[in-house]
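# Summary of structural features
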Amino acid sequence: MLSLLLISSYKFNFLIEKFTILVANSCNLEKFKVIGLMSGTSLDGLDIAYCEFWLENNQWNFKILKGETIAYTSEWKNRFLACETSTALQLIENHKAFGTFCGNAVKQFCAKYNFSPDFVSSHGHTIFHQPQKNITFQLGCGATIAAVSSFKTVCDFRSTDVALGGQGAPLVPIGDELLFAEYDYCLNLGGFANVSFNENGKRIAFDICPANIVLNYLSEQKGKPYDENGNWAKNGNTNIELLNTLNNLPFYSQSGPKSLGKEWVLESIFPLLKNNILVDDLLNTFTLHIAEQIATVLKNGKVLVTGGGAFNSFLTGQLQQKTEVKIIIPDANTIQFKEALLFAFLGVLRVTEQNNALQSVTGASRDNCGGAIYL
């Protein structure tokens, strides 16, 4: 009788344990604490965001608990630019060095605020992106980040998608879909303007045109890293000939999936920015070009605008004039750190072995789960 009671007690405890697991899974309350790292082509600096994610009633939720940007020194900006024409050995040395930079940034950030993330999720800094050649490379060695910071690190999110014939970009749309579903469009105004939205039951996303990568390049000619509020552009005059030339570039008539890299800007944009046109006029003309290209994509509904360009009131004002959509400018944290947040989220999907790149967005042969993990 005692043995039967013991067996029954064991079965009862087992059933209780199974029921607890089922309840926990149905509520989906597991939390992930992640540091997202983002380095954009505009060369502003390294964005660090400490984020929390949790799945509740089959809906992902998030908080950006803290975000900071570490501005790049002139030395680092020059190193990034030099990588495009460096030797193979110099490229690998810089890959390691930027990994050390990121690892130390994480370590100091965590020490400063007493954070203890489950892992680090790093975009890296794009040096080469030529998906037509099956090439993409993001600087910032993940093994080095993990070694220096002492935290598990996820990185190299684009390579798997490119290997599967995809563009390897944009990657954030799955985060837009799962974290910002209340908006009809998610528009990012970073180095490049890119957008994601639902169309016929599928997530569609692509790069629209260059943005801050060109505006900041022009602003540096006036001694500033960027055109604050778009004031120089606002005071400039539009060069109609240049505007028409820009709007007629072949890329804009291509159907998606499509993405842009700095190589295209160097080849197709910079040669058009002639020295005989005043910088303010170039800023004005290119800002209008950005607004006009974006306006060809946005139809109606609510548009979440993030990235550094969201602070450019002249650009967003021009965009509002040329569209019938409702432009939503969120809080400064979301504007500045949304990309770091979304790459942190891509890391969550990677460590839980869920797809984080969509075939409908990149044109890959299938949805896929990209990212290398270093312990």
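Notes on the structure follow. What you are looking at is a predicted structure, and each value in this text was computed from that prediction instead of being measured. (Residues numbered from 1 in each chain as written. Predicted model: local features only at pLDDT ≥ 70, side-chain atom pairs only at ≥ 80, totals over all residues. Heavy atoms only, no water.)

Secondary-structure assignment places Asn 216 in helix H7 (residues 212-220). One polar contact links Asn 216 to Asp 44, side chain to side chain, over a distance of 3.4 Å. Ignoring sequence-local partners within four residues, the contact set of Asn 216 consists of Ser 42, Asp 44, Pro 225 and Tyr 226. (Helix = DSSP H or I, 4+ residues; strand = E, 2+ residues; numbered from the N terminus. Polar contact = N/O pair within 3.5 Å; in protein donor to acceptor, adjacent residues only side chain to side chain. Contact = heavy atoms within 4.5 Å.)

It is worth spelling out the packing of aromatic side chains at this point. Evaluation of the coordinates by the stated rule reveals 23 aromatic pairs. Taken together, a centroid distance of 5.2 Å and an interplanar angle of 50° make the contact between Phe 62 and Phe 180 tilted. With Phe 62 in strand E3 (residues 59-71) and Phe 180 in the loop between helix H6 (173-179) and strand E7 (185-189), this pair connects stretches of sequence that are 118 residues apart. Judged by relative accessible area, which is 24%, Phe 62 ranks as partly exposed. Each ring, one from Phe 251 and one from Tyr 252, has its centre 5.8 Å from the other, and the planes form 80°; the classification is edge-to-face. (Phe/Tyr/Trp six-rings, centres within 6.5 Å; stacked < 30°, edge-to-face > 60°. Buried < 20%, exposed > 50% of the residue type's maximum accessible area, 1.4 Å probe, protein only.)

A complete count under the given rule lists eight salt bridges for this structure. Put simply, Lys 112 and Glu 68 hold a salt bridge, and the shortest N to O gap is 3.1 Å. With Lys 112 in helix H3 (residues 88-113) and Glu 68 in strand E3, the pair connects residues that are 44 residues apart, well separated along the chain. By relative accessible area, Glu 68 is classed as partly exposed at 22%. (Salt bridge = Lys/Arg side-chain N within 4 Å of Asp/Glu carboxyl O.)

The biggest cluster of nonpolar side chains holds 50 residues, and the ones touching the most others in it are Leu 187, Val 195, Ile 208, Val 214, Ile 269 and Ile 294. At eight residues, helix H11 (residues 279-295) tops the list of elements feeding residues into this core. Of all hydrophobic cores here, the second largest spans 34 residues; its members include Ala 49, Trp 60, Val 154 and Ala 205. (Core = buried A, V, L, I, M, F, W, Y, C linked by side-chain atoms within 4.5 Å.)

So, on to unusual backbone geometry. The peptide bond linking Ala 169 to Pro 170 adopts the cis configuration, its omega dihedral lying at -15°. Relative to the elements of secondary structure, Pro 170 occurs in the loop between helix H5 (159-163) and H6. Not every positive phi belongs to a glycine, and Asn 114 is a case in point at roughly 60°. Mapped onto the secondary structure, Asn 114 falls in the loop between H3 and strand E4 (119-130). A relative accessible area of 69% places Asn 114 in the exposed class.

In this section: the packing of H7 against H11. Closest axis-to-axis distance for the H7/H11 pair is 10 Å, and the angle between their directions is 170°. In terms of orientation, H7 lies roughly antiparallel with respect to H11. Across the interface between the two elements, Val 214, Leu 215, Leu 218 and Ser 219 from H7 touch Val 279, Leu 282, Leu 283, Phe 286, Thr 287 and Ile 290 from H11. Residues that form the contact of H7 with H11 fall into these classes: eight nonpolar, two polar and no charged. (Axes fitted to C-alpha atoms, helices over the stretch in contact; angles between N-to-C directions. Parallel < 35°, antiparallel > 145°, perpendicular 65-115°, else oblique. Nonpolar A, V, L, I, M, F, W, Y, C, P; charged D, E, K, R; others polar.)

Time to look at the packing of H11 against helix H12 (residues 313-322). Two elements in contact, H11 and H12, have axes whose closest approach is 9 Å; the angle formed by their N-to-C orientations is 40°. The angle between H11 and H12 places the two elements in the oblique class. The two elements H11 and H12 meet at a crossing, and its hand is right-handed. Along its contact with H11, which presents Asn 284, Thr 287, Leu 288, Ile 290, Ala 291, Glu 292, Ile 294 and Ala 295, the element H12 presents Phe 314, Leu 315, Gln 318, Leu 319 and Lys 322. In terms of residue class, the contact of H11 with H12 is made up of eight nonpolar, three polar and two charged. (Left-handed = near helix turned anticlockwise from the far one by under 90°.)

Another aspect to go through is the sheet that holds E7. The mixed open sheet is built from five strands, whose spatial order is E9-E8-E7-E10-E11. Two strands bound the open sheet, and with one partner strand each, they are strand E9 (202-210) and strand E11 (326-328). Averaged over all pairs of adjacent strands, the angle between their axes in this sheet comes to 20°, without regard to strand direction. Bridge count between E7 and strand E8 (residues 192-199): five bridges; the pairing is antiparallel. Along E8, the bridge assignment pairs Leu 187 with Val 195. (Pairing = 2+ DSSP bridges.)

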